[in-house]
Amino acid sequence: MEITSVNNALVKATAELKQKKYRQERQLFLAEGLRTVEEAIGSNTVIQLFYTAIEDERTRAVLETAAEKGLELYCVSENVMKKISDTDSPQGIVAVCKMQNMKLENLFAKGEMLLVLDRVGDPGNVGTMLRTADAAGIGGIVLLKGCVDIYAPKTVRSTMGSLFHIPVFAGADEALFIKAAKRAGYELLVTTLEGADNLYKADLRGRIAFVMGNEANGVTSTLLQEADKRVYIPMQGRAESLNVAIAAGVVMFEALRRRIK
């Protein structure tokens with residue numbers, strides 16, 4: 001089907017998904033760009049696909065796969081794509097995807113390591129940490145209340161498709177998460193300078209939930225108090241601190257290194 005009018009009802013409804021209110025109401029979000037859409041289609045979360053008249057082989061292959069899966073395909077004009085897209089220079093393909101609908105208890109069964117984000121406010125940081133967690137084989141991601149929206153277009157783009165590889169639970173209540181995690185046998189590990197052990201000498205065995213805090217303020221006092229392990233990352237240079245996404249990567253890959261045999 002071809003759509004050329006920006007006033008088309010479907011186009012308007014799709015463009016509304018750039019706003020959190022409508023994403024939450026419909027439990028849908030936008031995935032933009034060829035690489036991200038490829039991963040989305042592979043995860044079977046796409047329900048609609050909008051594209052401009054692009055003739056390269058990679059895009060054509062994506063459209064063929066989408067057609068085989070019975071997805072709704074819409075060829076749209078450049079103006080329509082600009083209305084739907086969240087970027088200044090659209091890549092010419094946007095998918096409407098279903099949000100993950102996973103219970104917290106089910107996420108705990110996904111592996112020995114989890115990444116937990118506490119009020120992390122930068123979409124780029126969240127996306128980078130999700131990608132890194134995907135690469136490190138982390139079983140799932142928990143975003144506590146106060147984090148940036150994982151399904152916002154900018155955050156989705158920054159995950160580079162990893163959002164479709166790893167289980168995510170967004171909007172978890174802090175107190176409920178702590179109880180559920182400990183009931184499931186997870187130890188909470190936080191990075192801090194307060195009463196902490198050297199990361200490279202700490203015991204990283206067993207089920208661990210790596211808790212990364214807000215860029216400016218770190219984790220909450222409750223999470224710090226409830227932490228089973230506190231670690232710091234030794235630094236040799238003069239930098240005062242590490243970016244939270246970098247710190248998360250160091251911690252997760254150190255744990256992975258210990259587990260590789």
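Above this text you will find the structure in question.
Read on for a plain summary of the structure. (Residues numbered from 1 in each chain as written. Predicted model: local features only at pLDDT ≥ 70, side-chain atom pairs only at ≥ 80, totals over all residues. Heavy atoms only, no water.)

## Examining the overall build of the protein
Scanning the protein for helices and strands turns up 11 helices and 12 strands. A compact globule built from 261 residues would reach a C-alpha radius of gyration of about 18 Å, and the protein, at 20 Å, matches this within 12%. Counting only C-alpha atoms, the protein reaches 60 × 35 × 35 Å along its principal axes. Buried residues in the protein amount to 49% of all 261 residues. Counting contacts in the protein only where the partners sit at least 6 residues apart, residues at least 24 apart contribute 80% of the total. Approximately 12,900 Å² of the protein is accessible, and the part contributed by carbon and sulfur atoms is 46%. Side-chain charges of the protein comprise 33 positive and 32 negative groups, with the mean position of each set lying 4 Å from the other. (Helix = DSSP H or I, 4+ residues; strand = E, 2+ residues; numbered from the N terminus. Rg over C-alpha atoms; globule rule 2.2 N^0.38 Å. Buried < 20%, exposed > 50% of the residue type's maximum accessible area, 1.4 Å probe, protein only. Contact = heavy atoms within 4.5 Å. Areas by Shrake-Rupley, 256 points an atom, 1.4 Å probe, with all protein chains shown as cover. Lys, Arg positive; Asp, Glu negative; His and termini not counted. Charge placed at Lys NZ, Arg CZ, Asp CG, Glu CD.)

## Thoughts on the sheet that holds strand 7 (residues 140-144)
Pairing is parallel in the open sheet, where seven strands are placed in the order 8-7-6-11-9-12-10. The open sheet is flanked by strand 8 (168-172) and strand 10 (197-198), the only strands paired with a single partner. Of the strand pairs in this sheet, strand 10 and strand 12 (residues 229-232) are connected by two bridges, and their pairing is parallel. Residue pairing for strand 12: N198 is matched across the bridge by Y232. (Pairing = 2+ DSSP bridges.)

## Concerning the packing of helix 3 (residues 34-42) against helix 4 (residues 57-68)
Two elements in contact, helix 3 and helix 4, have axes whose closest approach is 11 Å; the angle formed by their N-to-C orientations is 25°. Relative to helix 4, the element helix 3 is oriented roughly parallel. Regarding helix 3 and helix 4, the two cross each other, and that crossing is left-handed. Residues L34, R35, V37, E38 and I41 of helix 3 form the contact with helix 4, whose participating residues are R58, T59, V62, T65 and A66. (Axes fitted to C-alpha atoms, helices over the stretch in contact; angles between N-to-C directions. Parallel < 35°, antiparallel > 145°, perpendicular 65-115°, else oblique. Left-handed = near helix turned anticlockwise from the far one by under 90°.)

## Digging into the pairing of strand 7
Of all five residues in strand 7, five are buried, a share of seventy percent or more. Side chains G140, V142 and L144 of strand 7 all project onto a buried face; the interleaved residues I141 and L143 project onto the opposite face, where all are buried too. Across four bridges, strand 6 (residues 113-117) lies against strand 7 in parallel orientation. Looking at strand 7, one finds that L117 is bridged to L143. Regarding the hand of the β-α-β motif, the stretch spanning strand 6, helix 7 (residues 123-135) and strand 7 is right-handed. Of the pairings in the sheet, the one linking strand 7 to strand 8 comprises four bridges and is parallel in character. (Right-handed = clockwise from strand over helix to strand, strands pointing away.)

## A closer look at the packing of aromatic side chains
Each aromatic ring pair is characterised by the separation of its centres together with the angle its planes make. If you walk through the whole model with that rule in mind, you get five aromatic pairs. Considering the side-chain rings of F29 and F164, the 6.0 Å spacing of their centres and the 15° angle between planes classify their relative orientation as stacked. Taken together, the residues F29 in strand 2 (residues 28-32) and F164 in the loop between helix 8 (153-158) and strand 8 connect sequence positions 135 residues apart. Under the relative-accessibility criterion, F29 is labelled buried at 1%. Summarising the aromatic geometry, the rings of F50 and Y74 are spaced 5.2 Å apart at their centres and angled 20° between planes, so their arrangement reads as stacked. A residue pair is termed long-range when its members are at least 10 positions apart, and F50 in strand 3 (residues 46-51) and Y74 in strand 4 (residues 72-76) qualify at 24 residues. F50 sits in the buried class, given a relative accessible area of 0%. Note on Y74: relative accessible area 11%, which makes it buried. The rings of F29, Y151 and F164 are connected pair by pair, giving a single aromatic cluster. (Phe/Tyr/Trp six-rings, centres within 6.5 Å; stacked < 30°, edge-to-face > 60°.)

## Comments concerning the nonpolar core
Counting residues in each nonpolar core, the largest one holds 56 residues, and the members touching the most others are L49, L115, L117, M129, I138 and F210. Sorting elements by how many residues they give to this core places helix 11 (residues 244-259) first, with eight residues. If we skip the residues at most four places from it in the chain, F210 touches M113, L114, L115, V116, I138, L189, V251, M252 and A255. Formed by 21 residues, the second largest nonpolar core is a distinct cluster that contains I178, A181, V211 and L224. (Core = buried A, V, L, I, M, F, W, Y, C linked by side-chain atoms within 4.5 Å.)

## Concerning the pairing of strand 5 (residues 93-98)
The buried count for strand 5 comes to five of six residues, which makes it a mostly enclosed element. Across five bridges, strand 3 lies against strand 5 in antiparallel orientation. For L49, the partnering residue across the bridge sits in strand 5 and is A95.

In short, shape yes, function no, at least from these values alone.
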